[in-house]
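Here is what each chain is made of, one letter per residue.
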Amino acid sequence: MGFTEELDPETDLDDAILSAFEEADTSSKKALSFPDHAYVFPITKRPFFPGMAAPIMIEQGPYYEALKAIAKQENKFIGLVLTKEETADLQKISFDDLHHTGVIARILRIIPMEQGGAQVILNMEKRMSVQKPIKNHKCLYAKVVYHQDEVLLNKELKAYAISIISTIKELLKLNPLFKEELQIFLSHSDFTEPGKLADFAVALTTATREELQDVLETLDIPERIGKALVLLKKELDLSKLQNTINQKIEITISKSQKEFYLREQLKTIKKELGLEKDEKTSDREKFEARLKKCTVPKDVQTVINEELEKLSSLEPQSPEYALSRNYLDWLTVVPWGIKSPDIHNLAEAEQILEEDHHGLEDLKQRILEFISVAKLSGSLRGSIMCLVGPPGVGKTSIGKSIARALNRKFFRFSVGGMRDEAEVKGHRRTYIGAMPGKILQALKFCQTMNPVIMIDEVDKIGSSFHGDPASALLEVLDPEQNSEFLDHYLDVRCNLSDILFIVTANILDTVPEPLVDRMEIMRLSGYILEEKLEIAKRYLIPKNRKIMGLKAAQVSFTPPALKQLINGYAREAGVRTLENNIKKILRKVALKITREQESHLPRKKKKKAEKELPPANAKGTNMITPDSLQKYLGKPVFHTDRFYERTPIGVCAGLAWTSLGGATLYIESIRIPAEKTEMKLTGQAGPVMKESSEIAWSYLHGSIHKYALGCTFFEKSQVHIHIPEGATPKDGPSAGVTMVTSLLSLLKNTPITEDLCMTGELTLTGRILPIGGVKEKLIAAKRSGLQIVALPKDNLRDVDELPEYVKKGLTIHFVEHYDEIYKLAFPESELPAI
């Protein structure tokens with residue numbers, strides 16, 4: 001780079017410029033001879049104007065050599081011209097990169113620099129223009145022409161001059177940064193010349209380089225002074241805005257400083273009077289007050305004492321103080337040794353369970369046994385219950401009832417979708433934002449060491465690169481290990497053996513086997529019609545009627561309406577959909593009653609889509625009957641699980657278990673002429689069900705002489721087996737006997753016994769193995785009106801444990817071999833003697 005316009009900070013600018021002005025005054029008395037040719041020095045920041053004195057710094061290079069040559073001349077002049085681009089490279093610049101007009105400057109003083117180059121103080125003499133570039137020079141060299149301002153002072157120019165001077169005075173009041181420099185300039189300038197006044201005015205502004213160059217190139221005096229006044233007014237407005245902003249900031253800062261100062265004074269006064277303690281003392285006293293209420297184990301107390309000593313040596317402003325305080329906060333907030341007194345009153349516990357739940361007798365019995373053992377042994381240690389059942393059967397509410405029956409605090413958290421083991425065992429304190437796991441958070445919330453903690457949705461737990469939460473739960477749910485539970489954040493042993501853990505899941509297939517092994521499994525099957533009726537009458541309707549602000553006299557459900565509601569709209573295993581439909585009916589009733597109360601007010605015309613609800617009876621009660629149910633809920637969602645009133649040939653009804661309860665599962669078979677004998681299975685059957693169909697096919701093929709004597713085995717036919725509701729995935733071995741019976745009905749061209757359904761796993765020798773979900777399957781059979789049920793004989797124990805109202809109306813046959821099912825399905829056929 002040739003030179004820059006920056007000054008050496010060690011140079012005293014005021015003295016240099018003042019001295020330069022004095023030299024300029026002395027020289028001005030002499031006649032100056034301006035050269036026809038001059039070196040042209042490019043400048044990049046902003047142009048200079050005649051009448052100014054300014055310093056520039058020239059670095060070593062071609063321009064420095066030219067400067068030394070100029071210094072030897074009598075009249076030391078250089079041209080200063082602005083580049084067209086601010087980022088132009090001064091080493092490669094040409095006249096094409098410069099503006100046409102600049103200033104001719106006289107060198108007043110050259111100050112050599114220790115590191116090379118020099119600082120030069122210049123006096124800008126007059127405008128000049130580059131007339132013709134001259135080549136063969138290392139620096140820019142050209143023939144130049146000068147422009148002399150005409151001295152004209154008419155009324156218009158005088159008015160402009162007065163306006164400019166008054167604006168400058170206002171600007172000086174707002175921005176005194178260059179006040180001394182301006183005073184120097186004013187004392188050495190004659191403002192009877194409007195051109196000089198215009199140049200001086202624009203030099204004060206922070207206008208852009210393009211705006212300043214435009215003024216420099218304007219040779220017409222009236223036009224130049226007009227442009228100068230516009231730029232000066234802009235600068236004045238900008239200074240006013242800047243001054244306003246500065247005042248606002250100063251007021252805000254002053255107010256904040258005043259408040260801070262007063263707070264510090266108040267804090268000091270309170271300390272002197274003993275009314276307030278410093279942050280460190282108050283934190284320590286808070287922690288010690290917590291510990292007085294607890295019985296802290298010795299190893300934990302040792303850690304707390306060490307941490308308190310560490311806290312005492314730290315400054316409250318240090319980051320480590322906050323970490324130590326948070327750690328002590330968690331160590332002291334755990335309710336060490338505090339327990340809720342258990343109530344082991346069987347009568348009271350039984351009353352609470354009956355108040356909150358209908359049915360579930362086996363589960364209630366197990367809970368009462370659990371409380372009895374606790375009463376005799378004096379503790380509830382060693383038992384972790386896992387409630388397994390479909391959604392909406394009351395798993396979470398049972399946990400709350402158990403806590404209420406035992407007089408314990410209740411805390412629930414879900415592990416569904418949890419993928420980080422730190423959620424269970426806490427984060428290590430080295431991480432930012434670290435905190436203990438859910439177990440310690442539960443103890444903090446309950447403030448006892450023996451709450452009832454429900455871990456919900458354990459079958460939906462996940463795993464990732466952050467760890468496996470299911471494995472972390474192994475330590476929590478193992479009675480042999482949880483007495484020494486170690487949270488990563490607290491890093492001290494914590495006894496969880498007094499906590500009663502209740503785990504819930506919809507299915508156990510996705511729960512890790514080691515976790516299942518540590519829990520006592522208690523299954524909650526779906527509710528049958530009679531149970532749902534009682535639950536609706538005793539719990540759901542009164543609870544939601546109160547929530548909706550309705551009275552018993554304003555709405556009533558008839559038993560037939562409830563039965564239709566359950567069968568047609570809420571056939572799932574639980575009661576969640578049933579409750580949602582009851583809420584929907586009650587909302588519509590509330591809307592109807594509110595409208596009747598506001599009938600005197602003007603109302604918009606009723607929309608066509610809005611249904612007319614049945615009127616209330618003479619007593620003002622809105623009766624929900626089977627006939628009015630559709631007006632509240634629309635057409636029924638379910639009609640029947642039974643596809644056929646009379647079972648056709650090749651069709652057999654089976655029973656299936658799903659996560660939502662039991663369901664009927666029909667197997668349909670047809671034969672189609674084909675070149676070879678083969679079987680095709682459709683209906684989204686899983687791999688186990690496909691194997692069951694192959695076993696059924698092979699078993700029937702091998703036993704055709706026994707069950708269909710005189711018949712050929714589907715010779716030159718393709719047999720198509722289909723399981724309806726093809727969009728629903730199905731799997732399991734219990735449809736084996738159903739498939740054989742369907743194929744046999746097709747082969748014999750004979751329908752099976754009406755109202756017969758069956759379930760059981762078939763082996764290749766005809767043995768029938770036990771299955772699961774007996775209660776759910778019997779409920780499904782009863783709901784579909786299938787009164788004859790064939791079950792494996794090994795499931796007799798499961799049926800005996802069921803309440804009588806589940807078995808009522810069903811004829812259950814227990815079978816060991818398929819021969820016994822054959823007699824039930826085809827009673828008119830006899831097995832040949834073998």
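The model shown is predicted, which means the values in this text are computed figures rather than measured ones. (Residues numbered from 1 in each chain as written. Predicted model: local features only at pLDDT ≥ 70, side-chain atom pairs only at ≥ 80, totals over all residues. Heavy atoms only, no water.)

Visitor: Describe in detail the overall build of the chain, supporting the description with residues and values.
Guide: The secondary structure content of the chain amounts to 28 helices and 25 strands. The buried share of the chain, reckoned over its 834 residues, is 46%. A fraction of 76% describes how many contacts in the chain between residues 6 or more apart in sequence connect residues 24 or more apart. (Helix = DSSP H or I, 4+ residues; strand = E, 2+ residues; numbered from the N terminus. Buried < 20%, exposed > 50% of the residue type's maximum accessible area, 1.4 Å probe, protein only. Contact = heavy atoms within 4.5 Å.)

Visitor: Lay out the pattern of salt bridges with the relevant residues and their values.
Guide: Tallied over the full model, the rule gives 27 salt bridges. The residue Glu211 makes a salt bridge to Lys234 at a minimum N-O spacing of 3.9 Å. A residue pair is termed long-range when its members are at least 10 positions apart, and Glu211 in helix α6 (residues 209-217) and Lys234 in helix α7 (residues 221-273) qualify at 23 residues. By relative accessible area, which is 30% here, Glu211 ends up partly exposed. Of the charged contacts in the structure, one is a salt bridge between Arg284 and Glu288, with a shortest N-O distance of 3.1 Å. Of this pair, Arg284 and Glu288 both sit in helix α8 (residues 279-292), 4 residues apart, which is roughly one turn of the helix. One continuous salt-bridge network, built from bridges that share partners, spans Asp214, Glu223 and Lys227. (Salt bridge = Lys/Arg side-chain N within 4 Å of Asp/Glu carboxyl O.)

Visitor: Quick one: what's the story with the nonpolar core, residue by residue and with numbers?
Guide: Ranked by internal contacts, the top residues of the largest apolar core, which has 62 residues, are Phe41, Phe48, Leu80, Leu122, Met124 and Ile164. It is α7 that provides the largest number of residues to this core, a total of 7 residues. Within the second largest apolar cluster, 56 residues are counted, among which are Leu314, Tyr321, Ile384 and Leu443. (Core = buried A, V, L, I, M, F, W, Y, C linked by side-chain atoms within 4.5 Å.)

Visitor: How would you summarise the packing of aromatic side chains if you had to cite specific residues and measurements?
Guide: Applying the stated rule across the entire model yields 14 aromatic pairs. Between the aromatic rings of Phe34 and Tyr146, the centroid separation amounts to 5.5 Å while the plane-to-plane angle is 45°, which identifies the pairing as tilted. Here Phe34, found in the loop between α1 (13-28) and β2 (37-43), pairs with Tyr146, found in strand β7 (residues 141-147); they are 112 residues apart in sequence, far enough to count as distant. Between the aromatic rings of Tyr707 and Tyr818, the centroid separation amounts to 5.5 Å while the plane-to-plane angle is 85°, which identifies the pairing as edge-to-face. (Phe/Tyr/Trp six-rings, centres within 6.5 Å; stacked < 30°, edge-to-face > 60°.)

Visitor: Lay out helix α15 (residues 438-446) in plain terms, naming residues and giving numbers.
Guide: Considered for burial, the residues of α15 that qualify are Ile439, Leu440, Ala442, Leu443 and Cys446. Buried residues of α15 fall within an arc of 155° about the axis and therefore sit on the same side. Looking one or two residues past α15, Gln447 carries a phi angle of roughly 60°, positive in sign. (Arc of directions from axis to C-beta.)

Visitor: Can you break down helix α19 (residues 559-569) residue by residue, with the values?
Guide: Taken residue by residue, α19 has Ala561, Leu562, Leu565, Ile566, Gly568 and Tyr569 as its buried positions. Packing partners of the buried residues in α19 comprise α18 (529-547), β15 (555-557), α20 (576-597), β16 (622-624) and α21 (626-633).

Visitor: Any details on the confidence of the model for the chain? Residues and values, ideally.
Guide: Taken over all residues, the pLDDT of the chain has a mean of 82, while the share at 70 or more is 89%. This model gives residues 4-14 a pLDDT under 50, and the stretch forms 21 contacts once residues within four places in sequence are excluded. (pLDDT = per-residue confidence, 0-100.)

Visitor: Please set out the environment of Val81 residue by residue, giving values where relevant.
Guide: Within the secondary structure, Val81 sits in strand β4 (residues 77-82). On the accessibility criterion, Val81 (0% relative accessible area) is buried. Through-space distance from the C-alpha of Val81 to that of Thr44 is 8.6 Å; in sequence the pair is 37 residues apart. When neighbours within four sequence positions are excluded, Val81 is seen to be in contact with Val40, Phe41, Pro42, Ile43, Leu98, His99, Thr101, Gly102 and Met128.

Visitor: Lay out the packing of α20 against α21 in plain terms, naming residues and giving numbers.
Guide: Two elements in contact, α20 and α21, have axes separated by 10 Å at closest approach and are oriented at 85°. By the angle class used here, α20 and α21 are roughly perpendicular. Contact residues: Asn581, Lys584, Ile585, Lys588 and Val589 in α20; Leu629, Tyr632 and Leu633 in α21. Looking at side-chain class alone, the contact of α20 with α21 contains 5 nonpolar, 1 polar and 2 charged residues. (Axes fitted to C-alpha atoms, helices over the stretch in contact; angles between N-to-C directions. Parallel < 35°, antiparallel > 145°, perpendicular 65-115°, else oblique. Nonpolar A, V, L, I, M, F, W, Y, C, P; charged D, E, K, R; others polar.)

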